[in-house]
Amino acid sequence: MGDPETLRPNERAVDLSPPADATLRFIGTIRTPWRDRKDCPRQGQMAGPECQLVLDPVWHDALAGLEDYDTLEVLYWLDQSRRDLVQQSPKSDGRTFGTFALRSPVRPNPIGTSMVQLVRVENGTVIVRGLDCLDGTPLLDIKPDRCAFSPKAPPKASR
Ligand code: SAM
């Protein structure tokens, strides 16, 4: 997967066997305004444009209750990333960092996460603000914010 031609000074890649251990299931596709990586924000902003999490129909019922939350965590598969760098120089300025000391999309398992603002849920599509990924990025998961104050609905009196 790695292309030695594209390494920056001081970057280092390793030879990897093909991944064979974990199988992820994509649950949908993310629609964003960005078609080219250079146009994506480095990290999403809550004031950013509306983006769509388009769930595969089999998962539509899994959205029940999501509207009770203002903030969601979205996990996605940065499918256009190389996966073999152990050291990276993200700004091409000669400074080199270990992959796990960065939030670079280039990592052995290119999972991206963003905290996003829920705008609305519409026919199996979740509209949010705060993403930073390419149009067509595969969607892995959606979770409510872990903050105790985020649900809009009052807590149930008894469980
Ligand atoms: N917010 C996520 C995180 O912290 O895990 C991702 C951060 S990463 C720095 C965001 C960058 O990944 C974007 O600016 C873009 O350059 C790149 N990117 C976006 N979508 C991608 C995709 N589908 N495959 C590979 N790279 C992508």
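Worth saying up front: this structure is predicted, and the values here are computed from it rather than measured.

Thresholds applied
- Residues numbered from 1 in each chain as written.
- Predicted model: local features only at pLDDT ≥ 70, side-chain atom pairs only at ≥ 80, totals over all residues.
- Heavy atoms only, no water.
- Helix = DSSP H or I, 4+ residues; strand = E, 2+ residues; numbered from the N terminus.
- Buried < 20%, exposed > 50% of the residue type's maximum accessible area, 1.4 Å probe, protein only.
- Contact = heavy atoms within 4.5 Å.
- Areas by Shrake-Rupley, 256 points an atom, 1.4 Å probe, with all protein chains shown as cover.
- Near = heavy atom within 4 Å.
- Polar contact = N/O pair within 3.5 Å; in protein donor to acceptor, adjacent residues only side chain to side chain.
- Pairing = 2+ DSSP bridges.
- Patch = residues over 30% accessible without salt bridge, like charges linked within 9 Å, V, L, I, M, F, W, Y side chains within 5 Å.
- Salt bridge = Lys/Arg side-chain N within 4 Å of Asp/Glu carboxyl O.
- Core = buried A, V, L, I, M, F, W, Y, C linked by side-chain atoms within 4.5 Å.

Caption draft 1: Molecular detail of the overall build of the protein chain. Scanning the protein chain from N- to C-terminus turns up 0 helices and 9 strands. Secondary structure elements of the protein chain, listed N to C terminal, follow the sequence β-β-β-β-β-β-β-β-β. By residue count, 35% of the 159 residues in the protein chain fall in the buried class. Excluding contacts between residues fewer than 6 apart, the proportion of contacts in the protein chain whose partners are at least 24 apart in sequence is 79%. Only carbon and sulfur atoms are counted for the fraction: they give 50% of the accessible area of the protein chain, which is about 10,300 Å².

Caption draft 2: Inspection of the site of the ligand at higher detail. The local shell around the ligand holds 19 residues, among which Pro41, Gln43, Asp79, Arg103 and Asp132 are the closest. In this structure, a nitrogen atom belonging to the ligand sits 2.8 Å away from a side-chain N or O atom of Asp79. Within the backbone of Leu134, a nitrogen or oxygen atom sits 3.0 Å from a nitrogen atom of the ligand. Expressed as a share of its isolated accessible area of 610 Å², the protein-covered part of the ligand is 93%.

Caption draft 3: Molecular detail of the sheet that holds strand β5 (residues 85-88). Read from one edge to the other, the open sheet built from 3 strands follows the order β1-β5-β6, with strand pairing classed as antiparallel. The open sheet has two edge strands with one neighbour each: β1 (12-13) and β6 (97-98). Here β1 pairs with β5 via 2 bridges, running antiparallel. Opposite Ala13, over in β5, you have Leu85 as the bridge partner.

Caption draft 4: Looking closely at the environment of Gly65. With respect to the helices and strands, the residue Gly65 is situated in the loop between β3 (50-55) and β4 (71-77). With relative accessibility at 46%, the residue Gly65 sits in the partly exposed group. Along the sequence, Gly65 and Pro144 sit 79 residues apart, while their C-alpha atoms lie 9.8 Å from each other.

Caption draft 5: Quick look at a nonpolar patch on the surface. Taken together, the side chains of Leu24, Phe26 and Ile111 define a hydrophobic patch exposed on the protein surface, amounting to about 260 Å² of accessible area. Relative to the assigned elements, Leu24 resides in the loop between β1 and β2 (28-31). Its relative accessible area of 46% is what places Leu24 among the partly exposed residues.

Caption draft 6: Region of interest: the nonpolar core. By size, the foremost hydrophobic cluster in this structure holds 22 residues, and its most contacted members are Leu53, Val126, Leu131 and Ile142. Elements supplying a minimum of two residues to this core: β3, β4, β7 (111-122), β8 (125-129) and β9 (137-144). Here Val126 is in contact with Cys51, Gln52, Leu53, Leu55, Leu63, Leu66, Leu72, Leu118, Arg120, Val121 and Ile142, once residues within four sequence places are set aside.

Caption draft 7: Structural context of unusual backbone geometry. Residues other than glycine seldom take positive phi values, yet Asn10 does so here, at roughly 75°. Mapping Asn10 onto the fold places it in the segment before β1. The phi angle at Asn123 is positive, at roughly 50°, despite the residue not being glycine. For Asn123, the location among the structural elements is in the loop between β7 and β8. Asn123 gets classed as exposed once you look at its relative accessible area, which sits at 76%.

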